[in-house]
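# Observations on the model geometry
Now for the letters of each chain:
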Amino acid sequence: MGMKFGRLSFLFLLLTLVLAGCGEPFLSTLKPAGEVAETQLTLLFISTSIMVLVILVVVIIYLIVLFRFRRKKGEENKIPKQVEGSHKLEIIWTVIPILLLLSLSVPTIAATFKLGDVKDMDKVDKDGNREALVVNVRANLYWWEFEYPDLGIITSQDLVVPTDEKVYFNLKASDVKHSFWVPAAGGKMDTNTDNENKFYLVFDKEKADEAGNLFYGKCAELCGPSHAYMDFKVKAVSRDEFNQWATAMQKNKEEVQPTSDLAKQGQEVFQANNCIACHAVTANDARPETARTAPNLADFGNRTRVAGILEYNEENLKAWIQNPEKFKPGNQMYKEANLSEEELDALAEYLMGLKVQE
Amino acid sequence: MSSVAVKKGLGASVWEYLTTVDHKKIAHLYLGTGGFFFLLGGIEALFIRIQLMKPNNNFVNEQLFNEIMTMHGTTMIFLAAMPILFAFMNAVVPIQIGARDVAFPFLNALGFWLFFFGGMFLNLSWFLGGAPDAGWTSYASLSLRSEGHGIDFYTLGLQISGFGTLISGINFLATIINMRAPGMSFMRMPLFTWTTFIASALILLAFPPLTIGVFLLMFDRLFGSNFFDVTMGGNTIIWEHFFWIFGHPEVYILVLPAFGIFSEIIPTFSRKRLFGYSSMVFATVLIGFLGFMVWAHHMFTTGLGNVANAIFAIATMAIAVPTGIKIFNWLLTMWGGSIKITVPMLYALGFIPSFVIGGVTGVMQAVAPLDYQLHDTYFIVAHFHYVIIGGVVFGILAATHFYWPKMFGTKLSEKMGYVTFTLFFIGFHCTFFIQHFLGLMGMPRRVATFLPGQGLELGNLISSIGAMLMAVAVIILLFNVVITSIRNKKVGADPWEDGRTMEWAIASPPPFYNFKQTPLVRGLDTWWLEKMEGKKELTPAEPLGDIHMPNNSIIPFFISLGLFVAAFGAMYNPLNSVGDGKSWGLPVLIIGLGITFGSMLIRSLRDDFGYHIHKEDLLEDDKGGKVG
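Here, residues in each chain are numbered from 1, in the same order as that chain's written sequence. Chains carry letters and ligands carry numbers; both start at the beginning, A for chains and 1 for ligands, and go up in the order they are written. Selection of residues for local features in this predicted model requires a pLDDT of at least 70, selection of side-chain atom pairs for listing and counting requires 80 or more, and totals for whole chains, interfaces and linings are taken over all residues. Side-chain metrics in this entry use all non-hydrogen atoms of the structure; hydrogen atoms and water are not considered.

## Points about the overall build of chain B
Looking only at helices and strands, chain B features 19 helices and two strands. Note that the radius of gyration is over C-alpha atoms, with the globule rule given as 2.2 Å times the number of residues to the power 0.38. The globule rule puts the C-alpha radius of gyration for 628 residues at 25 Å, and the 24 Å found for chain B is close to it. Projected onto its principal axes, the C-alpha coordinates of chain B cover approximately 70 × 60 × 45 Å. Buried, partly exposed and exposed residues are distinguished by accessible area as a fraction of the type maximum, computed with a 1.4 Å probe on protein chains only: under 20%, between the cut-offs, and over 50%, respectively. Relative to its full complement of 628 residues, chain B shows a buried share of 64%. By definition in these notes, contact holds between two residues if any of their heavy atoms fall within 4.5 Å. Partitioning the intrachain contacts of chain B with sequence separation of at least 6 by distance along the chain shows that 82% fall at a separation of at least 24. His residues and chain termini do not enter the charge count, which takes Lys and Arg as positive and Asp and Glu as negative. Charged groups are reduced to one reference atom each: NZ for lysine, CZ for arginine, CG for aspartic acid, CD for glutamic acid. Of the side chains in chain B, 36 bear a positive and 36 a negative charge, and the two mean positions are spaced by 9 Å. The helix count covers DSSP runs of H or I at least four residues long, the strand count covers runs of E at least two residues long, and both are numbered beginning at the N terminus.

See the structure below:
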């Protein structure tokens, strides 16, 4: 038994070595950033080890058969013994797989209930305040809204979370089904149109540093032509930094007023074209979610990407505003705008100046 | 109608195939049409891999990609894999049980033509405003929102071809229960017949949920109902249940017949009876049964709750047990045998390790919490291609080589077969093995492209190169088919020399009445038993007498054509949600249904007693004359 266990752990080690080389720390499920992804990676190792064992047994028998029992020259007329079967063997290869699967089912069930445990989501302290951080995720055709109901903050595209604690999510979609997935932090959960799903993720400080504090999030359910572009980013920062950010966002009740002339001009363009009807520019958007039909632009100046996918710079921002269909076909903004170069410059200046903190 | 090749005009041949009710000719039709759709689905697969060869590629645009990806899946499952398997079932199963035809030859033809028109209808979408674009699963929230008529082609096409599949399934059930020759007890049936039997039972139980699902979806899109519209009180999760209660058994509908094919090939080329026959049968039945207990493992991330996820996780793992039994029985069949490497045997040998990989990744995905990571990524893409290609397509390619002599009387070139196998096998693993890692590295499935800088470039490039190899392999196979047909070198009844079941006891291709005298079955591997006793023919169970045969009929063609016409009427009816309803919509719908029901009425009112082949003609036939 000890021998067998030794071999298993050797396999385990080998797998770890092979798989650890795979993928980017901000994206790969093989480089877990927290408790959830670690649990899942451990299950991957356990199941792979058992399965590699099965494969080895099959391959060994297979190779023996292939080398020993090929028809040789001079045996063209040989009729091998017609064996009917063997009860003993049938029992062996029924019972052993059952045992292997039973041993796999124990951690499976344990982890299912552990990762699905959202009881603490509603735990309150003596003042009646919720203890854990809860984020309402609303998936829309090609963009994500993140609402912090207890903090009164709404943001989009860039999810900001504190490290080293459980972050709970309420997930839903407002148009078609999407799926919320931050591979490095843990498995996905669908955002349905019918109901709210709940789960949690954990981001380790150390791992966040390795990933440059920015994890990639993806939509994992086919949702239309721009499914591949429905990315978001997760900024995992320390609790202190998170609090600073949250306070700054909470203070952002009024729009950050532009300072330069160009930015003021941009604000006018923004209002003249009625962008404001869909895009809120403060983090305290009080409108109901059905009215929030476009990403919230408060703190847009600190975004990590334009439209979730393009490198954050003025040029890309202008190109996106002028011609969103080119970058995200089927998006719900408009196919293309007819803004002059000056208007675009002004808009970009204005939007990139929307910052709640430096 | 003739047992020997007679030169006939093209027109006469076409008419013969349009009206035939002979299971062997229907097998040709299934193989030809299914093969055509297989090539079409293959071209779509190539487009997908070319598009994903490098990041931010724009070989096809995003919308077109979604259409190609959807049609690749839908075509391969419904229009290629299943019909090709039906081809082999039709060609082989009736003969394996010693029957002269299936139980309902007319329905057999109807099943084919429904599939044919359903498939054609679905593919006409390419020319009529765009193909379906919501994936082969067509999840309701997305499919309701899809613009244009793509999804309508999907719902209508699948209903028509689905009727065909259901009818064929029922036909095989009735055939296998009722038409077995004397002595052919259930536990003497060849494994291919057994797997056809179980797969047909699965069709009977699994297709109605799909039909209901697409029927409701059709109503939502074309006639203003709200079954799946959440804002109107509908529910989209129920679509997922409908789809997967069908969709999971569908996997077994495909893979069980492939198992059956390998269970014929492996004993034949090992010259040894199938090891553990009864446990193989038991495992087949058990897989079929468990196949209905596991659908929700496709929905682990839908949010069904911990208890449901845990139960479905364990149920799913349980399927690995009977599958494992099968793998070990195949290995032990070869153990102690005298293995001859031929092209079909090569596919069988390639199948075992490939399918084992597909199987074990399946167990990994049964681990629900782990599946939260794997679901909807390239890991699952890799997994089901290992199962579907490593299992089903290898089975189909093996059967193509194995049964070609029985179906067409000629033998495909072994040399070219080796080349095809080698390229296909290498190409397949090159394409899909790396995809496991792409998925683990964070690549979702069904993406029209991927952005650079995420570490996904190399894997995708390797995968695309593999796809090219598979394409070359298929081209060589086509070439092989053409060359073989031109050479037209006829082979005997038992061209592999070690045939064990009854189809190898009669001429290749068999006469249209299959058996002059219904054979007596004296045990498992009937023909092998007779051969071992030095006999040259099967033992007859009856004296030579007249044979009752069914008449050909064009009615199945018209019943199916009517539905094809009606589908256009339904799609352009004035109520449709796309808003391009035509005034001719309703009339065409009614005319189409009129053709269908009118044809059925004619069939019901007209007595068709078939005809008899007389004893004297059968005796004449022996001397090289012809019957019919």
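## Details of the UniProt feature "domain: Cytochrome c" (unreviewed entry) in chain A
UniProt positions are given in the numbering used here, feature names are shortened, and annotations may be inferred rather than shown by experiment. Under the UniProt annotation, "domain: Cytochrome c" (unreviewed entry) lies at residues 261-355 of chain A. The straight-line gap between the two end C-alpha atoms of residues 261-355 of chain A is 17 Å; of that span, 39% is helix and 4% is strand.

## Some thoughts on the pairing of strand E9 (residues 214-219) of chain A
All names here are of chain A. Where burial is concerned, most of E9 is hidden: six out of the six residues are buried. In this sheet, E9 lies alongside strand E6 (residues 178-182) in antiparallel orientation, the contact comprising two bridges. Bridging from a neighbouring strand, Phe180 pairs with Cys219 of E9. Here, a strand pair is defined by DSSP locating no fewer than two bridges between the strands. Bridge analysis of E9 against strand E10 (residues 232-237) gives four bridges, and the strand direction is antiparallel. Considered in E10, the bridge of Phe215 is made with Val234.

## Comments concerning the pattern of salt bridges
Residue and element names in this part refer to chain A. By definition here, a salt bridge exists when the distance from a side-chain nitrogen of Lys or Arg to a carboxyl oxygen of Asp or Glu is within 4 Å. Within this structure, the stated rule accounts for 33 salt bridges over all chains. A salt bridge links Glu145 to Arg292; the shortest N-O distance between them is 3.0 Å. Within this pair, whereas Glu145 is found in strand E2 (residues 143-148), its partner Arg292 is found in the loop between helix H6 (261-272) and strand E11 (305-306), the two being separated by 147 residues in sequence. A relative accessible area of 5% places Arg292 in the buried class. Salt bridges linked by common partners bring Arg138, Glu145, Glu147 and Arg292 together as one network.

## A word on the sheet that holds strand E8 (residues 197-202) of chain A
Residues and elements named next belong to chain A. Read across the open sheet, the five strands follow the order E3-E2-E1-E5-E8; overall the sheet is mixed. The outermost strands of the open sheet, each flanked by one partner alone, are strand E3 (153-156) and E8. Geometrically, the sheet is characterised by an average inter-axis angle of 25° between neighbouring strands, direction not taken into account. Across four bridges, E2 lies against E3 in antiparallel orientation. To obtain an axis, a line is fitted to C-alpha atoms, over the contacting stretch when the element is a helix, and the angle between two such axes runs from 0 to 180 degrees between their N-to-C directions.

## Some thoughts on the UniProt feature "domain: Cytochrome oxidase subunit I profile" (unreviewed entry) in chain B
Sites flagged by UniProt as "domain: Cytochrome oxidase subunit I profile" (unreviewed entry) map to residues 9-522 of chain B. Here residues 9-522 of chain B is 70% helix and 0% strand, with 43 Å between the C-alpha atoms at its ends.

## Considering the sheet that holds strand E7 (residues 186-191) of chain A
Residue and element names in this part refer to chain A. As summarised here, the arrangement of the five strands in space is E4-E10-E9-E6-E7, forming an open sheet in which the pairing is mixed. Each edge of the sheet is formed by a strand with only one pairing partner; in this case those strands are strand E4 (158-162) and E7. Taken over all neighbouring pairs, the strand axes of this sheet differ in orientation by 25° on average, direction set aside. Two elements, E4 and E10, share five bridges in a ladder whose sense is parallel. Residue pairing across strands places Pro162 opposite Val237, the latter belonging to E10. Running at roughly 130° to E4, helix H5 (residues 239-251) makes contact with E4 and E10 of the sheet.

## Focus: the interface of chain A and chain B
On the chain B side, the residues contacting the 88 residues of chain A number 93 residues. Of the roughly 7500 Å² buried between chain A and chain B on both sides combined, carbon and sulfur atoms contribute 66%. The three residues of chain A that bury the most area against chain B are Arg71(A), Trp93(A) and Leu222(A), which together make up 10% of that side's buried surface. For the interface between chain A and chain B, the tally reads two salt bridges. A salt bridge links Glu240(B) to Lys177(A); the shortest N-O distance between them is 2.8 Å. The term polar contact refers here to a pair of N or O atoms within 3.5 Å; inside protein, the definition further demands a hydrogen-donor-capable atom paired with an acceptor-capable atom, and it admits residues adjacent in sequence only when both atoms are side-chain atoms. At the boundary of chain A with chain B, the tally comes to 33 residue pairs in polar contact (both at pLDDT 80 or more). Where the side of chain A that touches chain B is concerned, the elements lending two or more residues are helix H2 (35-68), helix H3 (87-115), E7 and E9 of chain A. Ranked by residues supplied to the side of chain A that touches chain B, first place goes to H2(A) with 16 residues. Within the side of chain A that touches chain B, the residues separate by chemical class into 46 nonpolar, 23 polar and 19 charged. The quantity reported as buried area is the accessible area (1.4 Å probe) lost by two parts once they are put together, taken as the sum for both. Residue type decides the class: Asp, Glu, Lys and Arg count as charged, Ala, Val, Leu, Ile, Met, Phe, Trp, Tyr, Cys and Pro as nonpolar, and the leftover types, Gly among them, as polar.

## Points about a negative patch on the surface
Residues and elements named next belong to chain B. Each patch is built from residues lacking any salt bridge and having more than 30% relative accessible area; the joining distance is 9 Å for like charges and 5 Å for nonpolar side chains (Val, Leu, Ile, Met, Phe, Trp, Tyr). Here the accessible surface of atoms and residues is derived via Shrake-Rupley with a 1.4 Å probe, and residues count as covered only by protein chains that are part of the display. Negative charge collects at one region of the surface, where Asp546, Glu616, Asp617 and Glu620 lie side by side. Within the fold, Glu620 resides in helix H19 (residues 615-622). Assessed through its relative accessible area of 43%, Glu620 is described here as partly exposed.

## Structural notes on the domain arrangement of chain B
All names here are of chain B. Domain start and end points were adopted from an automatic or database domain assignment. For chain B, the assigned domains are domain 1 (10-542) and domain 2 (554-607). Put simply, the middle of domain 1 and the middle of domain 2, counted by C-alpha atoms, are 30 Å apart. Facing the 23 residues of domain 1 at the interface are 21 residues of domain 2. Both sides of the domain 1 and domain 2 interface together cover about 2100 Å² of buried area, and 81% of this is carbon and sulfur.

## Description of the environment of Met280(B)
Residues and elements named next belong to chain B. Assignment of secondary structure puts Met280 in helix H9 (residues 277-290). Residue classification places Met280 among the buried positions, given a relative accessible area of 0%. Put simply, Met280 and Phe328 are 48 residues apart on the chain and 10.0 Å apart in space, counted from C-alpha to C-alpha.

## Let's talk about the packing of aromatic side chains
Working definition: a ring pair exists when centres of Phe, Tyr or Trp rings (six-membered ring for Trp) sit within 6.5 Å. Plane angles under 30 degrees give stacked, over 60 give edge-to-face, the rest tilted. All told, the structure shown has 81 aromatic pairs over all chains when counted by the stated rule. With centroids separated by 4.8 Å and ring planes inclined at 55°, the aromatic side chains of Trp144(A) and Phe232(A) adopt a geometry described as tilted. In this pair, Trp144(A) sits in strand E2 while Phe232(A) sits in strand E10, placing the two residues 88 residues apart along the sequence. Trp144(A) gets classed as buried once you look at its relative accessible area, which sits at 0%. The criterion for a charge sitting over a ring is simple: Lys NZ or Arg CZ within 6 Å of the ring centre, and within 35 degrees of the ring normal. Directly above the ring of Phe186(B) sits Arg180(B), whose terminal nitrogen or CZ lies 4.0 Å from the centroid.

## What to know about the confidence of the model for chain B
One rule of thumb: low pLDDT means the predicted coordinates there are not for detailed reading. Averaged over all residues, the pLDDT of chain B is 95; the fraction at 70 or higher stands at 98%. Note that pLDDT drops below 50 for residues 1-5 of chain B; the model gives that stretch 14 contacts with residues more than four away or on any other chain. As a per-residue measure, pLDDT reflects the predictor's confidence and takes values from 0 up to 100.

## With respect to unusual backbone geometry
All names here are of chain B. Along the chain, Ser508 connects to Pro509 via a cis peptide bond; the corresponding omega equals -15°. Inspection of the secondary structure assignment puts Pro509 in the loop between helix H15 (457-487) and helix H16 (526-532). Although it is not a glycine, Arg271 adopts a positive phi angle of roughly 55°. Inspection of the secondary structure assignment puts Arg271 in the loop between helix H8 (237-270) and H9.

## What about the pairing of E4(A)?
With five of five residues buried, E4(A) lies mostly within the body of the structure. Burial of E4(A) is two-sided: the residues Asp158(A), Val160(A) and Pro162(A) facing one way and the residues Leu159(A) and Val161(A) facing the other way are all buried.

## Brief notes about a nonpolar patch on the surface
Residues and elements named next belong to chain A. Taken together, the side chains of Ile91, Val95, Ile98, Leu99 and Leu102 define a hydrophobic patch exposed on the protein surface, amounting to about 450 Å² of accessible area. Tracing the backbone shows Val95 in helix H3. For Val95, a relative accessible area of 39% corresponds to the partly exposed category.

## As for the environment of Phe65(B)
With respect to the helices and strands, Phe65(B) occurs in helix H3 (residues 62-96). Residues Phe65(B) and Asp133(B), spaced 68 residues apart in sequence, show a C-alpha to C-alpha distance of 8.3 Å.

## Overview of H15(B)
Here the expected length of a helix is defined as 1.5 Å per residue gap, with one fewer gap than residues. Counted at 1.5 Å a residue, the expected span for H15(B) with its 31 residues is 45 Å, and the 46 Å between its end C-alpha atoms agrees. Remark: Asn488(B) follows H15(B) within two positions and exhibits a positive phi of approximately 50°.

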